Amino acid sequence: MTYKLLHFLLSPIFKNWIKSVKGIENIPKRGGVIIALNHKSFFDFLCFTAICPREINFLAAEKFFKSKLWFPLMKLTNQIRVNRDQKDKADVYKKVLRVLEEGKILGIFPEGTRSRSGKIQKAYPGVAKIAFLSKVPVIPVGIKGTFNILPPHRKIPRLKKCTIKIGEPVYFNKFYNRIKTGSLFRNISHFLMHNISDLSKEDYNHFIRRNFSFLKKSSSKNVVFFDVDNVLIKGQSYRLFINYLFKNKFISFADYIYTNFLFFIYDLGIIKNSDWFREKQFFVLKKIHIKKIKKNLKNYLKIIKDRIFKEALKEIKVHKKNGDIIVLFSTNVKDIIKPLVEMVDADLLVATELSLRGGYYTGKIIGYSPHGDRKVSVVQNFIKKHDFDLRNIYAYADHITDLDLLEFVRYPNVVNPDKRLKRIAKKRDWNIHNWFN
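Summarised in this report is the structure supplied together with it. (Residues numbered from 1 in each chain as written. Predicted model: local features only at pLDDT ≥ 70, side-chain atom pairs only at ≥ 80, totals over all residues. Heavy atoms only, no water.)

1. Re the packing of aromatic side chains
Applying the stated criterion across every chain, the model contains 21 aromatic pairs. Judged by centre distance (6.0 Å) and plane angle (35°), the ring pair of F14 and W17 falls under tilted. Judged by its relative accessible area of 15%, F14 is buried. Plain terms: the ring middles of F45 and F58 are 5.3 Å apart, the flat faces sit at 85° to each other, and that makes the pair edge-to-face. (Phe/Tyr/Trp six-rings, centres within 6.5 Å; stacked < 30°, edge-to-face > 60°. Buried < 20%, exposed > 50% of the residue type's maximum accessible area, 1.4 Å probe, protein only.)

2. Topic: the packing of helix α6 (residues 126–134) against helix α8 (residues 182–200)
Two numbers describe how α6 lies on α8: the axes approach to 7 Å, and their chain directions differ by 105°. By the criterion of interaxial angle, the relationship of α6 to α8 is roughly perpendicular. Touching G126, V127, A128, K129 and F132 of α6 are L184, F185, I188, S189 and L192, all from α8. (Axes fitted to C-alpha atoms, helices over the stretch in contact; angles between N-to-C directions. Helix = DSSP H or I, 4+ residues; strand = E, 2+ residues; numbered from the N terminus. Parallel < 35°, antiparallel > 145°, perpendicular 65-115°, else oblique. Contact = heavy atoms within 4.5 Å.)

3. Looking at the nonpolar core
A general feature of soluble globular proteins is that nonpolar side chains tend to end up buried together. Of all hydrophobic cores here, the largest spans 49 residues; its most connected members are F226, L232, L285, Y300, L328 and L340. Looking at this core, the element that brings in the most residues is helix α9 (residues 237–247), giving six residues. Setting aside its immediate chain neighbours within four residues, L232 contacts D227, R307, I308, F309, A312, I316, L328, L340 and V344. If you look at the next biggest cluster of nonpolar residues, it comprises 32 residues, including V96, I108, I130 and I188. (Core = buried A, V, L, I, M, F, W, Y, C linked by side-chain atoms within 4.5 Å.)

4. Comments concerning the pattern of salt bridges
Within this structure, the stated rule accounts for eight salt bridges. Where K104 meets E102, a salt bridge forms, and the shortest distance between an N and an O atom there is 3.3 Å. In this structure K104 comes out as partly exposed when scored by relative accessible area, which is 33%. The residue K320 makes a salt bridge to D347 at a minimum N-O spacing of 2.8 Å. Residue K320 is found in helix α14 (residues 310–321), and its partner D347 is found in the loop between α16 (339–343) and β10 (348–357); the two are separated by 27 residues along the sequence. (Salt bridge = Lys/Arg side-chain N within 4 Å of Asp/Glu carboxyl O.)

5. Considering a nonpolar patch on the surface
On the surface, F261, F264 and L268 cluster together to form a nonpolar patch covering roughly 330 Å² of accessible area. Inspection of the secondary structure assignment puts L268 in the loop between α10 (253–267) and α11 (274–281). Accessibility expressed as a relative area gives 53% for L268, which makes it exposed. (Patch = residues over 30% accessible without salt bridge, like charges linked within 9 Å, V, L, I, M, F, W, Y side chains within 5 Å. Areas by Shrake-Rupley, 256 points an atom, 1.4 Å probe, with all protein chains shown as cover.)

6. Topic: the environment of S200
Its location among the elements puts S200 in helix α8. Measuring from C-alpha to C-alpha, the distance between S200 and G145 comes to 9.1 Å, with 55 residues separating the pair along the chain. Engagement of the side chain of S200 in a polar contact is seen with the side chain of E202, the distance being 2.6 Å. (Polar contact = N/O pair within 3.5 Å; in protein donor to acceptor, adjacent residues only side chain to side chain.)

7. A short note on a positive patch on the surface
There is a patch of like positive charges on the surface, built from K66, R81, K94, K95 and R98. Looking at the positive patch element by element, the count peaks at three residues for helix α5 (residues 90–101). Position of R98 relative to the elements: it lies in helix α5. Here R98 falls in the partly exposed class, since its relative accessible area comes to 45%. (Lys, Arg positive; Asp, Glu negative; His and termini not counted. Charge placed at Lys NZ, Arg CZ, Asp CG, Glu CD.)

Here it is, written out as structure tokens:
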């Protein structure tokens, strides 16, 4: 039984105990994030899982994995086992970081265990430590009323109702360069508990409130990710570069045919390993010195300039007038496509970086090439690096393989979309642009 099927079966049952849910839009549709909740009852886990729009992996005490009643649910929902008596939590941190690196949601109760009195308890520093190690935002959640549904001394739930209020993401970018100490982790964890207590309308009396409110605010500017291929320009920029190299006799006919054959079978969906395809695709560049490549960029860019959509330039101009940051997005090699940034008055570039040896490309990709399902993680890392706010992100893309990225951002735009993406965009009421040269 998959998580989706289990959620489909159990969600309608536990929603009977939920009176209202506010702030569900604060949970991003894609990417790693930590959900931090107050803890009064087993129903905290059950009710939040019932309304969460994505799969969530909670940290759960070892006793639940020993229980005949709870063990099947723990396994089916992929909960992460924590032995509270074990001092060395290295294995737990490895599992937790893997979950977040894979772009999933981690659920955590900073108090560590259920409240026996119904009052909010003192937070442990673990939630802050995980947030700093993973470099993902934390979303505070306040749940009120679950103690009345199933307090620790009862085995059968009452027919009471709870409310769930989901806060805005808290970003820790401003602290990443600081020396990480136990005191810093404790202060941040207490700050998060004050946020949670505000949402659940409770008092948190275990630590004085610190003025860390600036953590909620990253750059207030809008960030606009513009795909280059078939969005900014007509065609694929790297394929155009290969054509240029062949016409000017920098590569052989065999290399030209080989590269275009790779494009052909990739477009058909035969190649599933995109990393392998990218490295094979850049094979021909290994034969040309970097100085010769850069020397010929001016002529290549004349070809690119003639293919830029006028509507794309108008769209960029509108965003720039509003003070937005324009980021070009391309699977092409960064050195090749970089001059396009200045040409269209963009600000930044996310592209494929290749390693160099002796002035020649090795064909090996540094980090990740921003394509397909990798685009979301590349964009996330870019956002963290530049301290941008996830709530202010636009994206312009054209292909069904960009669906994850379009779902991840707050303002998705599709340009000259393929049939599948167009059908999805219409259903979801996304902006659809038809641009022509």
